[in-house]
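Here is how the chains run, residue by residue.
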Amino acid sequence: MLRVGLTGGIGSGKSTVAKIFEVLGIPVYYADMAARRLMNEDEELKKNIITHFGKESYIHGELNRPYIASLVFHDKEKLELLNYLSHPVTIRDANQWMQQQNSPYTIKEAALLFESGSVEHLDYVIGVHTPVPLRIQRIMQRDNTTREEVLQRMSRQMDEDIKMRLCDTVLINDEQQLLIPQVLQLHEKLLMMSVK
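Residues numbered from 1 in each chain as written. Predicted model: local features only at pLDDT ≥ 70, side-chain atom pairs only at ≥ 80, totals over all residues. Heavy atoms only, no water.

Helices and strands together make up the secondary structure of the protein, namely 10 helices and 7 strands. Radius of gyration (C-alpha) of the protein: 17 Å, near the 16 Å computed for a compact globule of 196 residues. Each of the three principal axes of the protein carries a C-alpha extent, and together these read 50 × 40 × 25 Å. A total of 196 residues make up the protein; the buried ones form 47% of that total. At a minimum sequence separation of 6, the contacts of the protein that also span at least 24 residues come to 71%. Carbon and sulfur atoms make up 52% of the accessible area of the protein, which totals about 10800 Å². (Helix = DSSP H or I, 4+ residues; strand = E, 2+ residues; numbered from the N terminus. Rg over C-alpha atoms; globule rule 2.2 N^0.38 Å. Buried < 20%, exposed > 50% of the residue type's maximum accessible area, 1.4 Å probe, protein only. Contact = heavy atoms within 4.5 Å. Areas by Shrake-Rupley, 256 points an atom, 1.4 Å probe, with all protein chains shown as cover.)

Printed below as a string of structure tokens:
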């Protein structure tokens, strides 16, 4: 089975692309959602988070997300530490999930495919590219936030041009070119690749 990664910067439309693949019958692993689940379920990860971020990290056994967000939002080193703790657990979970699927290929949707090292476990990587002004506008509307906050979040991610150059193929999601035909064409290519 072909293991496919799907990535792009914040506001690029990764989730939209992932949903199209799901409609086509392709299983999608959402790394961010999985990481949130694992921070509540994986006992070793919980222990490590408490060790590094304090007992306030959990309330009644559930991750105290506002508390963690307040710590990592303005502190790059703490964000890197949280990622360092959670990425290996999420990568392991994704690999196990992929092995359990029964389809020509599976997709792992993640913003930090390259940064986390999870790209090493994948056969092919799709990038979703959206011009920065459109990404900013989308995130401001989606998260009801300011332009400055969006730019700050973007600054913590890998440079978009570098990320797209590392991908095997790039889908353009600029509201000018139709997205669904691009995904359909890529789907056919991935189906052919999966039988080789």
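Additional details are given in the paragraphs that follow.
Moving on: the nonpolar core. Of all hydrophobic cores here, the largest spans 25 residues; its most connected members are Tyr 29, Met 39, Leu 45, Ile 49, Phe 53, Ile 68 and Leu 82. Val 28, Tyr 124, Ile 126 and Leu 179 belong to the second-largest nonpolar core, a separate cluster that totals 20 residues. (Core = buried A, V, L, I, M, F, W, Y, C linked by side-chain atoms within 4.5 Å.)

Here we take up the environment of Leu 134. The topology assignment puts Leu 134 in helix α7 (residues 132-143). Overall, Leu 134 belongs to the buried group, its relative accessible area being 12%. Distance in space between the C-alpha atoms of Leu 134 and Phe 114 is 23 Å, their sequence separation being 20 residues. In this structure Leu 134 touches Asn 173, Asp 174 and Glu 175, once residues within four positions along its chain are discounted.

Let us look at the packing of aromatic side chains. Here the structure, examined in full by the defined rule, presents 2 aromatic pairs. Between Phe 21 and Tyr 105, the ring centres sit 6.2 Å apart and the planes meet at 85°, which makes this aromatic pair edge-to-face. Of this pair, Phe 21 sits in helix α1 (residues 14-23) while Tyr 105 sits in strand β5 (residues 105-109), and the two are 84 residues apart along the sequence. You can call Phe 21 buried: its relative accessible area is 0%. According to the relative accessible area criterion, Tyr 105 is buried, its value standing at 0%. Relative to Trp 97, the ring of Tyr 29 lies with its centre 5.5 Å away and its plane at 50°, an arrangement referred to as tilted. One end of the pair, Tyr 29, is in strand β2 (residues 28-30); the other, Trp 97, is in helix α5 (residues 76-100), with 68 residues separating them in the sequence. (Phe/Tyr/Trp six-rings, centres within 6.5 Å; stacked < 30°, edge-to-face > 60°.)

Taken as a whole and judged by the stated rule, the model has 12 salt bridges. With a closest N to O distance of 3.1 Å, Arg 3 and Asp 123 form a salt bridge. On the criterion of sequence distance, the pair formed by Arg 3 in strand β1 (residues 2-7) and Asp 123 in the loop between α6 (113-116) and β6 (124-129) is long-range, its members being 120 residues apart. For Asp 123, a relative accessible area of 37% puts it in the partly exposed group. For the salt bridge of Asp 93 with Arg 37, the shortest nitrogen-to-oxygen distance reads 2.7 Å. Pair noted here: Asp 93 is in helix α5 and Arg 37 is in helix α2 (residues 31-41), with a separation of 56 residues, a long-range link. Here Asp 93 falls in the buried class, since its relative accessible area comes to 16%. (Salt bridge = Lys/Arg side-chain N within 4 Å of Asp/Glu carboxyl O.)

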